[in-house]
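Observations on the three-dimensional arrangement
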Amino acid sequence: MPIEFAERVRRMPVYPLAAGYDLGADIAMLASNECCFAPLPEVVEAASRVLGGVNRYPDPSYEPLRRALADRYGIPPQRIALGNGSCDILLAAGEALLEPGAEVVYAWPAFSVYPHLAAASGARAIQVPLDDEDRHDLDAIATEVTVATRLVLICNPNNPTSTAIGLDEIDAFMRRIPGHVAVILDEAYCEFSLTLGDTYASLDLLRKYPNLVLLRTFSKVYGLAGLRVGYALCGAEDFRIAVDQVRQPFYLNAAAQAAAVEALRHQDAVEKRVTETIAGRLEMEGAVRALGLWVARSDANFIWLHLPETVEEADVVSGLRDRGILVRAGAALGRERSLRVTVGTDAENERFAHALSEVLAG
Ligand SMILES: Cc1ncc(COP(=O)(O)O)c(C=O)c1O
């Protein structure tokens, strides 16, 4: 007789995992919005240095990393939540805020983990369609906020569509949201955004709205996806306390903590990566447009394009795969006949553009 699992496990969507991690070095991994640059040698060294002491548990105060982030962003350490990737904080927020009878509101398509929050908690998910340019429709989202709403998720720039909305619009949106409703502004890709300006810009909103949380990660621009470090800058301390309360005490391993602290010391390298990624993104957008396809105006380290009616998405994805290029099919992310493609190295981007033109030419 099979094991009987909780009802909520049957409700939970299975996260669309990317394949290809075992395919070898000649594959262009453009499916998971990772950073194509290896971590800096100083960061690798900092992580390696602590490995000799891992007979001890990691420091559960996370003080050095909390302090480094507090210094960088001018937020008190007590208002900084950390996590085993920002996903960890997201899921903890779902656990801390949601329950049967509560509602969570977010745009769709957005980050694939969001549906998990309602499924895991028994809350109701309200998914609000994006507008015609595949951007968040903040007006429609605000309209869906009711007395039952506990949490609103805004993905800015949005994964998978790469689009961002300006902070003036977010400010106007926040004015419409009651103070007891938590709003998570998921800024996993904010460093790559020209629309948002610099990474300090949204901090002004935190001063105005204690119910706001800026969710960020070391997985993208800092190139530490494999170590799993995320953080949240919180408008008020109670959010940090609640997400810590629902998790195990040692959610961030020692190597991850050391690497993240070191990574913050190298902002010049981060800037250089951003510049190179934006240049690559513009090249890719141009190449896709030259093929006559619609491509969103990207503010992230990936692009989002629509395929013509005349081709099958699965055929394009497998055609690219046959040519050694892994991309994400829109169908797995909430919109069919689309592709999400991560900006890679110059060579990978050129390879993608060439392969796409071949595949579309049939
Ligand atoms: C919008 C968004 N938020 C959060 C995450 C989670 O990132 P991590 O858990 O690696 O910090 C991702 C990862 O792809 C993402 O796209």
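We now turn to the structure provided with this report. (Residues numbered from 1 in each chain as written. Predicted model: local features only at pLDDT ≥ 70, side-chain atom pairs only at ≥ 80, totals over all residues. Heavy atoms only, no water.)

Regarding the overall build of the protein
Put simply, the rule reads: Every helix listed is a DSSP run of H or I at least four residues long, and every strand listed is a run of E at least two residues long, numbered separately from the N terminus. Atoms counted for the radius of gyration: C-alpha only. Globule rule: 2.2 Å times the number of residues to the power 0.38. The classification of residues rests on relative accessible area computed with a 1.4 Å probe and restricted to protein chains. Under 20% of the type maximum is buried, over 50% is exposed, and intermediate values are partly exposed. We call two residues in contact when some of their heavy atoms are within 4.5 Å. Two residue types count as positive, namely Lys and Arg, and two as negative, namely Asp and Glu; His and chain ends fall outside the count. Each charge is placed at NZ for Lys, CZ for Arg, CG for Asp and CD for Glu.
Counting its regular elements, the protein contains 13 helices and 13 strands. The globule rule puts the C-alpha radius of gyration for 362 residues at 21 Å, and the 20 Å found for the protein is close to it. Across the 362 residues in the protein, those meeting the buried criterion constitute 54%. Within the protein, counting contacts between residues at least 6 apart in sequence, those at least 24 apart form 74% of the total. For the protein, the separation between the mean place of its 34 positive charges and that of its 49 negative charges on side chains is 4 Å.

Brief notes about the pattern of salt bridges
What counts is decided by this rule: Every case where a carboxyl oxygen of Asp or Glu lies within 4 Å of a side-chain nitrogen of Lys or Arg is listed as a salt bridge.
One pass over the structure, following the stated rule, counts 22 salt bridges. The closest approach of N and O atoms between Glu7 and Arg11, which form a salt bridge, is 3.3 Å. With Glu7 and Arg11 both in helix H1 (residues 7-11) and four residues apart, this pair spans about one turn of that helix. The class for Glu7 is partly exposed, based on a relative accessible area of 46%. Connected through shared salt-bridge partners, Asp88, Glu237, Arg240, Asp244 and Arg247 make up one network.

Overview of the site of the ligand
The cut-off we apply is this: Only heavy atoms are used to decide nearness, and a residue is near a molecule or strand if one of them lies within 4 Å of it. Definition of a polar contact: a pair of N or O atoms within 3.5 Å, with one able to donate and the other able to accept a hydrogen when the atoms are protein atoms, and with sequence-neighbouring residues admitted only if both atoms are side-chain atoms. With residues, only the protein chains shown are counted as cover, and all accessible areas are computed by Shrake-Rupley using a 1.4 Å probe. Within this scheme a cavity is a closed region of a 1 Å grid, computed over the protein atoms alone, that accommodates a 1.4 Å probe without allowing it to escape, whereas a pocket is open but has protein on both sides within 12 Å along at least five of seven lines; lining residues each have an atom within 4 Å of a point. Think of it this way: if more than half of a molecule's atoms are within 2 Å of a pocket's grid points, that molecule is in the pocket or cavity. Gly is put with the polar residues, along with every residue not named as nonpolar or charged; the nonpolar set is Ala, Val, Leu, Ile, Met, Phe, Trp, Tyr, Cys and Pro, and the charged set is Asp, Glu, Lys and Arg.
Taken together, 13 residues sit near the ligand, with Ser86, Tyr189, Thr217, Ser219 and Arg228 positioned nearest. Side-chain polar atom of Asn159 to an oxygen atom of the ligand: 2.7 Å apart, as the coordinates give it. Burial of the ligand by the protein chains amounts to 94% of its free accessible area of 400 Å². The cavity that encloses the ligand is the largest pocket. When the residues that make up the shell around the ligand are grouped by side-chain class, the tally is five nonpolar, five polar and three charged.

Overview of the layout of surface pockets
Test applied: Grid points are joined across faces, edges and corners, and a volume is the space filled by probe spheres set on the points.
There is about 690 Å³ of room inside the largest pocket. Tallied by class, the residues present in the lining of the largest pocket amount to 17 nonpolar, ten polar and six charged. The computed volume of the second largest pocket comes to approximately 270 Å³. Around the second largest pocket, the lining comprises 16 residues; the ones closest to its centre are Met29, Glu34, Cys35, Cys36 and Glu348. Looking at the lining of the second largest pocket residue by residue, the classes come out as nine nonpolar, five polar and two charged.

Side note on unusual backbone geometry
Working note: non-glycine residues mostly have negative phi, and peptide bonds are mostly trans. Going from Asn156 to Pro157, the amide bond is cis rather than trans, its omega being -5 degrees. Take Pro157: it is sitting in the loop between strand E5 (149-155) and helix H7 (167-175). Look at the link from Asn159 to Pro160: it is a cis peptide, with omega at 20 degrees. Not every positive phi belongs to a glycine, and Tyr62 is a case in point at roughly 55 degrees. Topologically, Tyr62 is positioned in the loop between helix H2 (41-49) and helix H3 (63-73).

Quick word on the sheet that holds strand E4 (residues 124-129)
What counts here: The rule for pairing is simple: two strands pair if DSSP sees at least two bridges between them. Axis angles are defined between N-to-C directions and span 0 to 180 degrees, where every axis is a line fitted to C-alpha atoms and, for a helix, only to the segment in contact.
If you walk across this open sheet you meet the seven strands as E2-E8-E7-E6-E5-E3-E4, and the pairing is mixed. Since the sheet does not close on itself, it has two edges, and those belong to strand E2 (80-83) and E4, each with one partner. On average, each strand axis in the sheet is inclined to that of its neighbour by 20 degrees, with strand direction left out of account. Here four bridges tie strand E3 (residues 103-108) to E5, and the two strands are oriented parallel to one another. Within the sheet, the bridge partner assigned to Glu103 lies in E5 and is Thr149.

Notes on the packing of aromatic side chains
The criterion, for reference: Here a Phe, Tyr or Trp ring, Trp counted by its six-membered ring, pairs with any other such ring whose centre lies within 6.5 Å, and the pair is stacked when the planes are under 30 degrees apart, edge-to-face when over 60, and tilted otherwise.
Tallied over the full model, the rule gives ten aromatic pairs. With a centroid separation of 4.7 Å and 25 degrees between ring planes, the pair formed by Tyr62 and Tyr251 is classed as stacked. Taken together, the residues Tyr62 in the loop between H2 and H3 and Tyr251 in the loop between helix H9 (237-245) and helix H10 (254-263) connect sequence positions 189 residues apart. Looking at Tyr62, the relative accessible area reads 1%, which means it is buried. Given the relative accessible area of 7%, Tyr251 is considered buried. Taking 6.1 Å as the distance between ring centres and 25 degrees as the angle between the ring planes, the aromatic pair formed by Tyr73 and Tyr231 counts as stacked.

Observations regarding empty space enclosed by the protein
In this structure the tally under the stated criterion is two cavities of 30 Å³ or more. What lines the largest cavity is Glu34, Cys35, Cys36, Phe37, Phe192, Val221, Arg273, Thr277, Asn301 and Val343. Here the residues of the lining of the largest cavity are counted per class, giving six nonpolar, two polar and two charged. Forming the boundary of the second largest cavity are Leu40, Val43, Val221, Tyr222, Ala263, His266, Ala269, Val270 and Arg273. In terms of residues, the lining of the second largest cavity owes the most to one element, helix H11 (residues 267-290), which gives three residues.

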